[in-house]
Amino acid sequence: MNFADLGLSPEVLKAVGDSGYDTPTPIQEKAIPYVLMGRDVLGTAQTGTGKTAGFTLPMIDILASGQAKSRMPRSLILEPTRELAAQVADNFENYGKYSKLSMALLIGGVSFSDQDAKLDKGVDVLIATPGRLLDHVERGKVLLNGVKTLVIDEADRMMDMGFIPDVERIVSLMPPLRQTLFFSATMSKEMRKLADKFLINPKEVAVSPPTSMAATVTQGMITVQKAEKRPALRQLLKREEVKTAFIFCNRKKDVDILLGSLEKHGFNAGALHGDLSQSHRMETLEKFKNGDIKLLVCSDVAARGIDVSSVSHVFNYDVPSHAEDYIHRIGRTGRAGMEGHAYTIATKSDSKYLEAIYKLVGMKIPELTLEGMDKIAEEASQIEEREKKSPRSRQNRSRSSAPKREAARTEEPRAARPKKKPAPTPDTSETPEPQNNRRQTAQKPHRARHTNDDDNSQVVGLGDNVPAFFKIPFRKSAEK
Ligand code: AMP
């Protein structure tokens, strides 16, 4: 099967040809004909399977006839993170270059005015993260009753991040007669139930998640003490011929610490995680793509789905606590038949996570012996010594407890964590798209301000739902 057999227009086929692709991926082969027919689609596919082209290519043809009206987009693509939204926008620009379609990208961290100007002119395709889209809706800058094609991408991730109420609200503002494409990496009962709310008689298409890694990726693992991780990483970086590398950490906090440490030791590195400003993240990503930054220290969420070719190495500074993330991470190297290297730094306490990875990929990660372990151990004991002396670390140690450490490890809310409590508030988790102020007020009552310290009758922003403890008057120091 080739692209020409799928029923796409000559303009789209030409653009696909320019990208150098001649064979559709399985998800493209399965989804494109049904999308072109106007059917709703329920797709199980992960990033890396070519699913973005699976919906963008037919959408370009569907939108070719018709005209956009001011503030009334004709189609909407919802993405959980800014990076994914920007990547889908790149896909649209790329594949739509011979079609005259207008597009707007609504993501947080960029000025409203440019986005407003585009919306005013009228857009065929709107690509957005839920929070920023609702901000525009509430400001009356966008009307969703003209949307005829809706894509809900990475729906499981949206759920993990607590975005589903926003998605439901967005969908409620659209006409019921529309085409909806719903993609999720996994199709749990919960996902199906959700999809049932949005889709009508969908065609189901699925591609199995990747459980194997490219044969061109050399894998290895070293097991060290916790304090030896940083010196061990440096040793690995020195011994390898690293062109560019992703270095994955499980926690945002560790991304920052590791970046500081690498920079201190003279490495050319940048960081990517959900707490950094959008402009900073875009700039860092651009520099990494150009090779101006050699090492990108990142969290799974921020780096999810980011497509950078010719990355020579992936380092797992932490063993991922979700086995499938191991495949996602190491799939960043060894792309398109190129050689790649993936090294994991493990500690004894990671055995549970390693077992899950071995079960998923059907093999063990080969253990490496790292030369210079004596020096690494010495450096580690110096680090430990320094940390013991630091007042901050003493404070942290006295506060920490085993359950808390476990919670921090899985800072990013995931389906595997306690099911009944998804992300309590998206902006407290590793959410690349911070929520808008409206919800910050509603979901973070502790931030609400008293109108007057002595007047405990009214709390701004909470209406009648003021918890009792909020009404306890503050004691002035003189009264103590
Ligand atoms: P996605 O799963 O949409 O994030 O796509 C993953 C990668 O596959 C991107 O680099 C795409 O450009 C690439 N890709 C998409 N379609 C094809 C295709 N038919 N053949 C080869 N690569 C493709």
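Refer to the structure above for everything that follows.
The notes below deal with the structure included here. The model shown is predicted, which means the values in this text are computed figures rather than measured ones. (Residues numbered from 1 in each chain as written. Predicted model: local features only at pLDDT ≥ 70, side-chain atom pairs only at ≥ 80, totals over all residues. Heavy atoms only, no water.)

### Quick look at helix α2 (residues 26–37)
Then comes step 1: Along α2, the positions that sit buried rather than exposed are Ile27, Gln28, Ala31, Ile32 and Val35. Take α2 and look down its axis: the buried residues cluster within an arc of 110°, on one side only.
Then comes step 2: In this structure, the buried residues of α2 make contact with β1 (41–44), α3 (51–62), β6 (179–184) and β7 (203–206).
Then comes step 3: A positive backbone phi angle near 90° is found at Gly38, which sits one or two residues after α2. (Buried < 20%, exposed > 50% of the residue type's maximum accessible area, 1.4 Å probe, protein only. Helix = DSSP H or I, 4+ residues; strand = E, 2+ residues; numbered from the N terminus. Arc of directions from axis to C-beta. Contact = heavy atoms within 4.5 Å.)

### A word on the sheet that holds strand β13 (residues 340–346)
Then comes step 1: Spatial strand order, β8-β13-β12-β9-β11-β10: six strands in an open sheet with parallel pairing. Strand pairing shows two members of the sheet lacking a second neighbour, β8 (217–223) and β10 (269–272), which therefore form its edges. With strand direction ignored, the average angle separating the axes of adjacent strands in the sheet is 20°.
Then comes step 2: Where β10 meets strand β11 (residues 295–298), four bridges bridge the pair, whose relative direction is parallel. Bridged to Ala269 within β11 is Leu295.
Then comes step 3: Across the sheet, helix α10 (residues 229–239) lies against β8, β9 (245–248), β11, β12 (313–316) and β13, angled at about 160° from β13, the strand it touches most. (Pairing = 2+ DSSP bridges. Axes fitted to C-alpha atoms, helices over the stretch in contact; angles between N-to-C directions.)

### Observations regarding the pattern of salt bridges
Then comes step 1: As enumerated under the stated definition, the model contains 18 salt bridges in all.
Then comes step 2: Between Lys97 and Asp18 there is a salt bridge, with the nearest N and O atoms lying 3.1 Å from each other. Highlighted residues: Lys97 in the loop between α4 (82–95) and β3 (103–106) and Asp18 in helix α1 (residues 10–19), separated in sequence by 79 residues.
Then comes step 3: Lys97 sits in the partly exposed class, given a relative accessible area of 42%. (Salt bridge = Lys/Arg side-chain N within 4 Å of Asp/Glu carboxyl O.)

Note that all results are geometric; they support no functional claim without further evidence.
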